[in-house]
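# What the coordinates show
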Amino acid sequence: LYATKFLNVAIKAEYLKDTPIPKASDSDKKKAAGLVRKILDIRSENPLADITGLERELDKMVYRFYGLTPEEIMIVEGRSDNSN
């Protein structure tokens, strides 16, 4: 999103004011936070560890939080068809 909107990678707070923040239940917030902590812990212990499965799980949670359709998910993931 920001790469298409802004010319540099310095993202200022004022740019974020229009970013939609999804409503999530406390349970969902805790699950997402726990998953992020797990990813960070694994990376801190082994920067080369394969965490793609955990990242994919987090992606799916975020897609659900935002209510993305399969077509929108394909756009976000840079895919042009329904292949995974």
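Here, the structure is the one placed above.
Let me begin by describing the structure that accompanies this report. (Residues numbered from 1 in each chain as written. Predicted model: local features only at pLDDT ≥ 70, side-chain atom pairs only at ≥ 80, totals over all residues. Heavy atoms only, no water.)

### Considering the overall build of the protein
Applicable threshold: Runs of H or I in DSSP of at least four residues are treated as helices and runs of E of at least two as strands, each being numbered from the N terminus. Each residue is assigned to one of three classes by its accessible area relative to the maximum for its type, calculated with a 1.4 Å probe on protein chains only: buried under 20%, partly exposed between the two thresholds, exposed over 50%.
Summing up its helical and strand segments, the protein has five helices and zero strands in all. Starting at the N terminus and ending at the C terminus, the protein contains elements arranged as α-α-α-α-α. Within the protein, buried positions represent 18% of all 84 residues.

### Focus: the packing of helix α3 (residues 26–45) against helix α4 (residues 52–66)
The line we're drawing: For every element, the axis is a line fit to its C-alpha atoms; helices are fit only across the contacting stretch, and the angle between N-to-C directions ranges from 0 to 180 degrees. Note on angle classes: values under 35 degrees are labelled roughly parallel, values over 145 roughly antiparallel, values of 65 to 115 roughly perpendicular, and the remainder oblique. A clockwise turn of the near helix away from the far one marks a right-handed crossing, whereas an anticlockwise turn of less than a right angle marks a left-handed crossing. Any two residues whose heavy atoms approach within 4.5 Å at even a single point are treated as in contact. Here the nonpolar group is Ala, Val, Leu, Ile, Met, Phe, Trp, Tyr, Cys and Pro; Asp, Glu, Lys and Arg are the charged ones; every other residue, Gly included, is treated as polar.
Interaxial distance between α3 and α4 falls to 10 Å at its minimum, and their mutual angle equals 155 degrees. If you check the angle between α3 and α4, you find them roughly antiparallel. Considering the relative orientation of α3 and α4, their crossing is left-handed. For the pair α3 and α4, contact is made by D28, K31, A32, L35, V36, K38, I39 and I42 and by L54, E55, E57, L58, M61, R64 and F65, respectively. Partitioning the contact of α3 with α4 into residue classes produces nine nonpolar, no polar and six charged.

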